[in-house]
Amino acid sequence: MAKKKRTTSQIHEEWTALEQLLPTINDQYGAQTMIPASQIRYDPPRLPTGIFALDFASGGGLPLHGSTCAWGPDQSGKSRITIAAMRVASMVCWSCFHTLENCICGKEKQMKSVLVDIEGTTDAVWLEACGVPKDSYYYILCDSGEQYVNVSESVLRADDCGLLVVDSLAALVPESEFDAPMEQEFMALQARLIGRAVKRIKQRLIRERKKDHPCTALFTNQMRMKVGAVFGDPEIMPGGFTMKHEFSLLWRVMKKSMDKNGTDAKYVDDQHGRSLATRHSFALRKEKVSTLAGSGEFVVVKAPIPELGLEKGMIDDFSTTLKIGKELGVITKDEKEKVWRLKVDGKSMKVQKQDDLKLFWKKNFGMYLDTQQEIIRVAKSSKNGGM
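Residues numbered from 1 in each chain as written. Predicted model: local features only at pLDDT ≥ 70, side-chain atom pairs only at ≥ 80, totals over all residues. Heavy atoms only, no water.

Novice: It is not clear to me how unusual backbone geometry should be interpreted in this structure. Could you clarify?
Specialist: Glycine aside, a negative phi is what most residues show, and trans is what most peptide bonds show. Residue S168 is reached from D167 by a cis peptide bond, and omega for that bond is -5 degrees. Position of S168 relative to the elements: it lies in the loop between β6 (161-167) and α7 (175-179). Backbone geometry at H65 places phi at a positive 65 degrees, although glycine is not the residue there. Examined against the element boundaries, H65 turns out to sit in the loop between β2 (62-63) and β3 (67-71). Phi is positive for F97, close to 60 degrees, though the residue is something other than glycine. Looking at where F97 falls in the secondary structure, it is placed in the loop between α4 (78-89) and β4 (112-117). Assessed through its relative accessible area of 9%, F97 is described here as buried. (Helix = DSSP H or I, 4+ residues; strand = E, 2+ residues; numbered from the N terminus. Buried < 20%, exposed > 50% of the residue type's maximum accessible area, 1.4 Å probe, protein only.)

Have a look at this one:
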């Protein structure tokens, strides 16, 4: 006669020491369900977005096995952030998170991205202009909100799925609402669906973490205004107050006006009187991981600007990277040889002028990305007292 499997409570009655209970818990509920506190990671590995100001403020980018959300009004740059992250996801080793060309672990582990296009507005040409290879991601288009949630949770189980992009939560439509007559009203039906979607995907990320499967999720969400609000912040996200609690990182992004007669004059086409780029700002509204700053800005190039060496789709944050790199000693001036030196991962290069370095970065995004991450590593090390 087969032995009956003992329950955890029965085992706990026999063993009173947690150390003795640990292997039994992990056998019954899965590896890493219970671990000693000494094994808890201080700061999770990050997937960079390639937007330096955003990555620097966030402490490196998107936290692995965490959920990140970019929210704001229309044209604020939310989708551009997801595209930037998809590009980097195709370029880095998902073990050491250096570029594949400069992988330091020797594994050169590659992963795919999955774009869940709830809004149905993805432009493949724009993605390609922004540097996202066609063979680096899969595209999801479903019939209802529930289908989107089920598919999103399913693709995260795939061993080669590294980045899940959900754009955007506000566009989720419950199936019952879609099938009902137009005059029928629903109370908080979409909010409940959004809340369940985020919680379910977050729990899937936790399960994949226990399997040592490197993955992360990036959401976008729109902005709404509270009706009749007189005091306090009237801005709110679809999904209700749940959205304030579920994410590891929450970015509030918005589009800024261009100073066409000042610092942004270089982005203006004088002949046609139009801007060739857009400026965006962001603020960290919530962080559950180590961060380095609270806000920042970046510029998205909408059309080629040959005189600046900028191509359509590029992020122009080279001056910011140069400035912070000099402050932290990653970029130094050799007064004896009258050159500027850049040292990344033990490799060194020198240029005559600072503009030469920016021009090199514009033509070599992989090296630029490694430079960004080196600056962030130095900044975090300084913040943590050299840890």
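That shown, we press on.
Novice: Which parts of the structure should I look at to understand the layout of surface pockets?
Specialist: Once rolled over the atoms, a probe with the size of a water molecule shows which space is left empty. Here the largest pocket is characterised by a volume of approximately 580 Å³. Lining the largest pocket are 27 residues, with Q75, K78, S79, R80 and D167 positioned closest to its centre. Elements represented by at least two residues in the lining of the largest pocket include exactly α4, α5 (124-129) and β13 (277-287). Of all the elements, α4 adds the most residues to the lining of the largest pocket, at six residues. (1 Å grid on protein atoms, 1.4 Å probe; cavity = no way out; pocket = protein on both sides within 12 Å on 5 of 7 lines; lining within 4 Å. Points joined across faces, edges and corners; volume = space filled by probe spheres on them.)

Novice: It is not clear to me how empty space enclosed by the protein should be interpreted in this structure. Could you clarify?
Specialist: Throughout the structure, instances matching the rule amount to one cavity of 30 Å³ or more. Counted as a void, the largest cavity has a volume near 40 Å³. Every residue along the wall of the largest cavity is listed here: I118, Y148, V149, S152, V166, L169, L172, A197, I201 and F219. Secondary-structure elements contributing two or more residues to the lining of the largest cavity are α6 (145-155) and α8 (189-210). Looking at side-chain class alone, the lining of the largest cavity contains nine nonpolar, one polar and no charged residues. (Nonpolar A, V, L, I, M, F, W, Y, C, P; charged D, E, K, R; others polar.)

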